[in-house]
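# Architecture and fold: a report
As a plain string of letters, each chain reads:
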Amino acid sequence: MAGERRGVIPQSEDFSAWYNEIVFRAELVDRGPVRGTMVVRPYGYRIWELLQADIDRRIKETGHVNAYFPLLIPESYLRREAEHVAGFAPELAVVTHAGGRELDEPLVVRPTSETVIGEMMARWIGSHRDLPMLLNQWANVVRWEMRPRMLLRTTEFLWQEGHTAHVDEAGALRETMLALGLYADVAREVAAMPVVEGEKTEGERFPGARQTFTVEAMMRDGRALQSGTSHYLGTNFARAFGIRYTAESGALEYCHTTSWGMSSRMLGGVIMTHGDDRGLVLPPALAPYQVVIVPIGHGDQAAAVQTAAADLTVRLRRAGIRAHLDDRPHVSPGFKFNDWELRGVPIRLELGPRDLADGAALMATRLGACKTAVPLPSAPERLTDELAAFQALLLRRATDFRDSRTRPADTWAEFTDAVRTGWTLAFHCGSPECEDEIKAETAATPRCIPSDGPPEGGRCVRCDGDSAYGRRLIFGRSY
RNA sequence: CGGGAUGUGGCGCAGCUUGGUUAGCGCGCCUGCUUUGGGAGCAGGAGGCCGCGGGUUCGAAUCCCGCCAUCCCGACCA
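## Here's the deal with the protein's contact with RNA strand B
RNA strand B sits among 41 residues. The nearest are Arg6, Arg147, Phe206, Ser332 and Asp355. Each atom of RNA strand B within 4 Å of the protein was classed as base or backbone; sugar and phosphate made up 39%. Side-chain polar atom of glutamate 341 to a base nitrogen of RNA strand B: 2.6 Å apart, as the coordinates give it. With 7 residues, the single largest contributor to the surface near RNA strand B is helix H10 (residues 333-342). Across the surface near RNA strand B, the residue classes tally to 12 nonpolar, 12 polar and 17 charged.

## Quick word on the domain arrangement of chain A
You can read the domains of chain A as domain 1 (2-274), domain 2 (289-384) and domain 3 (406-476). Averaged C-alpha coordinates put domain 1 and domain 3 at centres separated by 27 Å. For the domain 1 and domain 3 pair, buried surface summed over both sides reaches about 1,300 Å², with 58% attributable to carbon and sulfur atoms. Together, Val196, Thr201 and Met218 form the three largest contributors to the area buried by domain 1 at its contact with domain 3, with a combined 36%. Across the contact surface, domain 1 and domain 3 share 2 salt bridges. Between glutamate 216 and arginine 447 there is a salt bridge; the shortest N-O distance is 3.3 Å. Summed over the shared surface of domain 1 and domain 3, the number is 5 residue pairs in polar contact (both at pLDDT 80 or more). Every element with two or more residues in the side of domain 1 that touches domain 3 is listed here: strand S9 (195-199), strand S10 (211-218) and strand S11 (224-234). Looking at side-chain class alone, the side of domain 1 that touches domain 3 contains 4 nonpolar, 6 polar and 8 charged residues.

## Overview of the packing of aromatic side chains
With the rule as written, the count across this model stands at 11 aromatic pairs. Between phenylalanine 15 and tryptophan 18, the ring centres sit 5.2 Å apart and the planes meet at 35 degrees, which makes this aromatic pair tilted. Of this pair, phenylalanine 15 and tryptophan 18 both sit in helix H1 (residues 15-25), 3 residues apart, which is roughly one turn of the helix. You can call phenylalanine 15 buried: its relative accessible area is 11%. The ring of phenylalanine 337 has arginine 348 lying over it, and the distance from NZ or CZ to the ring centre is 4.2 Å. Against the face of tryptophan 412 rests arginine 462, its NZ or CZ located 4.9 Å from the ring centre.

## Structural notes on the packing of helix H2 (residues 42-61) against helix H6 (residues 169-190)
In contact at an axis separation of 11 Å, H2 and H6 are set at 140 degrees when each is read in the N-to-C sense. Considering the angle they form, H2 stands oblique to H6. Relative to H6, the crossing made by H2 is right-handed. Mapping the contact onto sequence places Leu51, Asp54, Ile55, Arg58 and Ile59 in H2 and Leu182, Asp185, Val186, Glu189 and Val190 in H6. Among the residues forming the contact of H2 with H6, the class breakdown is 6 nonpolar, no polar and 4 charged.

## Notes on the state of the cysteines
On inspection of all chains with the given rule, the structure shows 0 disulfides. Free cysteine cysteine 429: the closest other cysteine sulfur is in cysteine 463, separated by 3.6 Å. There is no disulfide at cysteine 463, and the cysteine sulfur nearest it, in cysteine 460, is 3.6 Å away.

What counts and what doesn't
Residues numbered from 1 in each chain as written. Chains lettered and ligands numbered in written order. Predicted model: local features only at pLDDT ≥ 70, side-chain atom pairs only at ≥ 80, totals over all residues. Heavy atoms only, no water. Near = heavy atom within 4 Å. Polar contact = N/O pair within 3.5 Å; in protein donor to acceptor, adjacent residues only side chain to side chain. Helix = DSSP H or I, 4+ residues; strand = E, 2+ residues; numbered from the N terminus. Nonpolar A, V, L, I, M, F, W, Y, C, P; charged D, E, K, R; others polar. Domains from an automatic or database assignment. Buried area = accessible area lost by both parts, 1.4 Å probe. Salt bridge = Lys/Arg side-chain N within 4 Å of Asp/Glu carboxyl O. Phe/Tyr/Trp six-rings, centres within 6.5 Å; stacked < 30°, edge-to-face > 60°. Buried < 20%, exposed > 50% of the residue type's maximum accessible area, 1.4 Å probe, protein only. Lys NZ or Arg CZ within 6 Å of the ring centre and 35° of its normal. Axes fitted to C-alpha atoms, helices over the stretch in contact; angles between N-to-C directions. Parallel < 35°, antiparallel > 145°, perpendicular 65-115°, else oblique. Left-handed = near helix turned anticlockwise from the far one by under 90°. Contact = heavy atoms within 4.5 Å. Disulfide = S-S within 2.5 Å.

Okay, structure coming up:
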């Protein structure tokens, strides 16, 4: 009976059903009352906070400052940049009534903030001495989605958007690449997601951008997830909003601007990169509880176990470990084991009378098959090491997985075969029509032109035209 | 927007074909006792505008019409 099924639907059976079940059962999110909206529950929000804190620190360390811009934007602002409005028009939510009457000018709920921020930058920037202007905001944005997927594509989501203005193209491009590198570092070091840095092709570019860069990650079903993007906007928005400065020479010049963002979608990436058939697997850096201690009490021994477990919890916390004592009464140890595994806790410590007699706790890692005794006196040091090893293991495991599902394709047959299970590296002619044909036939799209791809010549895998990028592109199906 | 499906306690479902007394079951929840080393047992208990509106009928969860919502598959998509 379905209601009695205790495990989750296996990934191999139905990856998308597995994903859905995980996000709800692990209590990361719930559905909001409006289609496509999402409630981030405390456990999920804690993960977001940990990710957010890390990103925020890195953003500040590189000289950016946080600010906040309004949710509502005059519709006319969007129109000022032709490509921008064309790109976003289908997913805009528009406010037409307020204060009990129809508004003279409709307001859009921000899908992103280039326009308002551009307007304000134009007001704040006068001279080259005001540059570069390095801003960031943490905000929610709304993009109407026809096919929502929790955390990956919801109508409203949380993100960080950096917006900067520079004197010239070189400065703005340097910034664009700095943000991209920051995202790659966050993905690898915090989320344990190996990402490929690269540039988007014309067809996949941000509306209004000169160049769009991305970090792409592979999920366990072989599909790609764009996990962060960074755009060089040229002077497009500067011209649309009058972001100008007086140069040293006295000439009035347009700024070169950038924007870049990483969102709550990243949590979906973490789930699909590391999760397995027992549930979530969280990298220690993002785990609300890195170590959960399950006391196992037998009648009159319960008190001694409780004391020891509480003491252990405190000692782990003093060592900087996010430790949690699961002292729920009337919930069996077996239930707790499964519960915390579903929720992705990296390490579990079992503490019962037998362990107490040995002066140790029994350690089970989320990915390990067996349990190991850990002497209580050295537990804090030992667990600090174990957590670091676990974090490293996740990255290595995900990297191996990605590499095993990525192969070059020089023929159309190799191409179609490769994108069924993962990514392929192939030459392309650069024509958008050719990209569309590939997409129509295989559902695969160019994910990026890898920054570190070796220069190489060849023929387009689809139409045999000249390779347009001087190297192979990554193709794959994506979220 | 097209195709398919589903709406019944918090969750998962049965009942509907062939209308009929008090709408069932599992999980969860509450109380008590016994338990606790991989999803505990027993006993008792609470909880329902059967998606919404109309119609047929002595009588509708069940039949008819309309609407709404959600999910899946497409198309679309930072």
